[in-house]
Amino acid sequence: MTIEIQATTLCEQVARRIAPLWPLDSYVAVNPYWGFADRSFAELAAYLQGTVGERVIMDRRWYAEQVSSGKLSLADIVRAAEDLGLGGDEEDWQAYLQTEAESPMRLPLLPELMNRQGHASISQYVLEQISHFLAAYYDRGQALWSLPKDPSQGLFAAWRQYTLHDRSLGPMGLRPLRRQLLALSGDATAARRWALATLELPEAAVEAYLLVLLKSIGGWASWCRYLLWQAELEGKSQGDLLDLLSIRMVWEALLRQHAKAAVLDSWRRQVRGWVFDDKRAEQEDARRGEVLLRASEIAYRRQLAASLRRQPSRRSQAKGTPRVQAAFCIDVRSEVYRRHLESVFGDCETIGFAGFFGVLLEYQRQGDRVARPQAPVLLRPQVHVEETGPKEIVERRFRRLRRGAEWKHFKLSAASCFSFVETAGLSYVGKLLADSLGWHLPSPPPDAAGLAAAERAQLHCVLPASLGMEQRLQMAASILTGLGLNRGMAKLVLLVGHGSSTTNNPHRAGLDCGACAGQTGEVNARAAADLLNDPAVREGLRAQGWEIDSSVVFLPALHDTTTDAVEILAGLDDPRLDPGLVQELQEALREAANRTRLERVLRLEPELRDPVAVAQNLLQRGRDWSQVRPEWALAGNAAFIAAPRWRTRGRNLAGRAFLHDYDATKDPDFAVLKLILTAPLVVANWINLQYYASTVDNQRQGCGNKVLHNVVGGTLGVLEGNGGDLRVGLSEQSLRDSASGLQHEPLRLSALVEAPIEAMDRIIAEAPALRQLVDNRWLSLLQIRADGSLLERRGAGDWVAV
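Bear in mind the structure is a predicted one, so any value in this text is a computation, not a measurement.

Between the first and last C-alpha of helix α14 (residues 261-276) there are 23 Å, a value that for 16 residues agrees with the 22 Å anticipated at 1.5 Å per step. Taken together, the buried positions of α14 are Val 263, Leu 264, Ser 266, Trp 267, Val 271 and Trp 274. Down the axis of α14, the smallest arc covering the buried residues is 165°, so these residues share one side. Exposed and oriented more than 90 degrees from the buried face of α14 are Ala 261, Ala 262, Arg 269 and Phe 276. Elements in contact with the buried residues of α14: α2 (41-51), α6 (110-114), α10 (188-199), α11 (206-215) and α13 (240-258).

Below is the structure:
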């Protein structure tokens, strides 16, 4: 293999280590360690700490505080050490917790060593220069003056052209770099080869150094990784991520030619020192850190197991088919609402299912040029759904949106921005008061923008006529099987998607349904209900042996996770419905919402107790433009449970568990089990590890202080302040508050599944991505036995009693 091929392969390997970052209008949680899933948890913790300086495990002082407060016991630590093959008694671990951790040697970047006290930071300048260029290059309509782009140029060539005209190099004392850059080829591959040759890195340090370079602009690298992810879903390629690596490599090589001899000598010594540094101490510390993490997981799992071992009576045996069934998303916020709904409406059975309801669709509004996905980002949409409705309503929406854009342009344009305040400032007094006092409604979701409620009700989403009956029947059967409705179906079935209602919140989509690609679940619930209510589909299902009565009605609904109100979206005029049952259901939905708010507000506003004040407080949080925490979202998530509902019904899981209904007796070929383990479980793992990483190292895997966020590029992402890197992950306000401290306990996901061991082992063996997550301890997989006891998977065929 030639040196050029080796270099290209190595760069591609490094680029694949970066996790993608979805744009703000479809923001979803991402496992930041996805590119490293082939490595064990402790191995990666030591590697990232020793190269990038990125923390993967909480500081041992935090665990020492947990022991001191009684939340974690030394006995659990000793047990966790035994599980992971480490020794030590309680005294040894107590002594370890009291010692200070040594900072490992990490790879130094050249700009860091060029920084001088009292002078502008070279490393910060490099970051800002690249970030400013990328913000202009990828802008999605926010900038009034767009960056001229040559369609024939790639990202690297465009950056080179931009930098050759960049006058900020002079004040930084870097003007000579322009001449060197002018002599460099605009081809990204050639530039990478030149940069590697110029840097003269030790062979053992090349891969790690390239990773550190890409991580130094990690937010934008994640954006480019998203572009590659989307292209590969379509069977295409996308080269911007490699081009970005080329940009950062060229910057490093140019600075090497410019740096003083003393700085270069120091840099070479530190790089060589890193190569020959004994990594065993770092690896041992990472293993011990994983022991402390596992001890915390054992403590949490003990509480969870106690609930599961209690044997409730099987509802299906006691009362038969319920009068109402309500299918909710597996989101941890639904667990609280489901529990309260069942407590106030005893003849209602709730079901946990991924919020896209098995319909892998993309949705296109009238007037939009492209469709947006409404399915898990791991999967490619299979069905194209379009909006239908009166033409005049669509045109009215377009006119309103256009007027808003024109008004914004008038406010910000160079010709009118200075005179705008004097001419139109007083007209904003009412709006400023309404925003400040929370009198206005929350920001509408994208589909409702520019529409009144009555107008929105006249718009519908329909499956395409080109979708044949065979495909419709296959989809319907898949939905019913996934919901567990292949044995017993109520007369009224609710399909409840979820969304949120907030204002002045760039990360709003992150509060919506992750299984719907960062959108609300409304479109999916409507599409699934329309499909299952179709008389022709019903007839086809009965012909296939399904027992589905013509009187069964499916109704779409939406759960607002900010206010906990559940709204039935359509179908209430269906003549098959029992008016008394509908009224009883709606009253139960309202009462369940009140109880859910009361439970949730204990974390948000512990001093509130009056139910009316609670409801007003939660409603106000969604309207308040200064509110940095409209809800806690999925903070605290720690478990994924796939089991029959009777196993968890009536159990207070504190909104920490993803609940997916699964009954192995209804799944003879384990097709549903395979779907659960390879899709919803992986999505839950992504959510869990995003919260975990943002808690453990918010500087590198979180997005810092929400108060300082500025949107860049329209929907690209946020910066913290007026510059720097694109920020990834979650804000500090999403994880902790000043009064109660940390609200998300950093634990890896514990997946508890009530299914045969042999079936789970077979599915894991056939799914490489899932096998890496389980075998490398990025999540724990446990079997729930018939008596409620647990077995933990340590390897293929190796399941140990917990």
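Each pair of packed helices can be described by the angle between their axes along with the distance between the axes. Running from amino to carboxyl end, α10 crosses α13 at an angle of 35°, the nearest separation of the two axes being 8 Å. Crossing angle aside, the handedness with which α10 passes α13 is left-handed. From α10, Ala 188, Ala 191, Arg 192, Trp 194, Ala 195, Leu 196, Thr 198 and Leu 199 reach across to α13, where they touch Leu 242, Asp 243, Ser 246, Met 249, Val 250, Glu 252, Ala 253, Leu 254, Arg 256 and Gln 257. Across the contact of α10 with α13, the residue classes tally to 11 nonpolar, three polar and four charged.

One finds Ile 77, Tyr 138, Trp 220, Leu 244, Trp 251, Phe 640 and Leu 673 to be the most contacted residues of the largest nonpolar core, which totals 175 residues. No other element matches α13, which puts 11 residues into this core. Those residues within four positions of Phe 640 in sequence are excluded, and the remaining contacts are Ile 330, Phe 658, His 660, Ile 676, Pro 680, Leu 681, Ala 684, Leu 749, Ser 750, Ala 751 and Leu 752. If you look at the next biggest cluster of nonpolar residues, it comprises 36 residues, including Ile 351, Leu 480, Leu 541 and Phe 554.

All right, on to the side chain of Asn 698 then. Relative to the assigned elements, Asn 698 resides in helix α30 (residues 698-701). At 3.0 Å, the side chain of Asn 698 and the backbone oxygen of Leu 730 are in polar contact. Other than its neighbours up to four places away in sequence, Asn 698 contacts Ala 693, Cys 703, Gly 704, Arg 727, Leu 730, Ser 731, Glu 732 and Leu 735.

For the rest of this paragraph, the subject is the pattern of salt bridges. One pass over the structure, following the stated rule, counts 46 salt bridges. As a salt-bridge pair, Arg 576 and Asp 574 come within 2.9 Å of each other at their nearest N and O atoms. Sharing partners across several salt bridges, the network here consists of Asp 83, Arg 294, Arg 301, Glu 792 and Arg 794.

As a further point, take a nonpolar patch on the surface. On the surface, Leu 144, Trp 145 and Leu 412 cluster together into a nonpolar patch covering about 380 Å² of accessible area. Its location among the elements puts Trp 145 in the loop between α7 (122-137) and α8 (155-164). Among the residues examined, Trp 145 registers a relative accessible area of 74% and is labelled exposed.

This part takes up a negative patch on the surface. On the surface, Asp 89, Glu 90, Glu 91 and Asp 92 cluster together to form a negatively charged patch. With respect to the element layout, Glu 90 can be found in helix α5 (residues 90-98). What makes Glu 90 partly exposed here is its relative accessible area of 39%.

Each value, and the rule that gives it
Residues numbered from 1 in each chain as written. Predicted model: local features only at pLDDT ≥ 70, side-chain atom pairs only at ≥ 80, totals over all residues. Heavy atoms only, no water. Helix = DSSP H or I, 4+ residues; strand = E, 2+ residues; numbered from the N terminus. Expected span 1.5 Å × (residues − 1). Buried < 20%, exposed > 50% of the residue type's maximum accessible area, 1.4 Å probe, protein only. Arc of directions from axis to C-beta. Contact = heavy atoms within 4.5 Å. Axes fitted to C-alpha atoms, helices over the stretch in contact; angles between N-to-C directions. Left-handed = near helix turned anticlockwise from the far one by under 90°. Nonpolar A, V, L, I, M, F, W, Y, C, P; charged D, E, K, R; others polar. Core = buried A, V, L, I, M, F, W, Y, C linked by side-chain atoms within 4.5 Å. Polar contact = N/O pair within 3.5 Å; in protein donor to acceptor, adjacent residues only side chain to side chain. Salt bridge = Lys/Arg side-chain N within 4 Å of Asp/Glu carboxyl O. Patch = residues over 30% accessible without salt bridge, like charges linked within 9 Å, V, L, I, M, F, W, Y side chains within 5 Å. Areas by Shrake-Rupley, 256 points an atom, 1.4 Å probe, with all protein chains shown as cover. Lys, Arg positive; Asp, Glu negative; His and termini not counted. Charge placed at Lys NZ, Arg CZ, Asp CG, Glu CD.

Take it as geometry only, folks, not as evidence of what the structure does.
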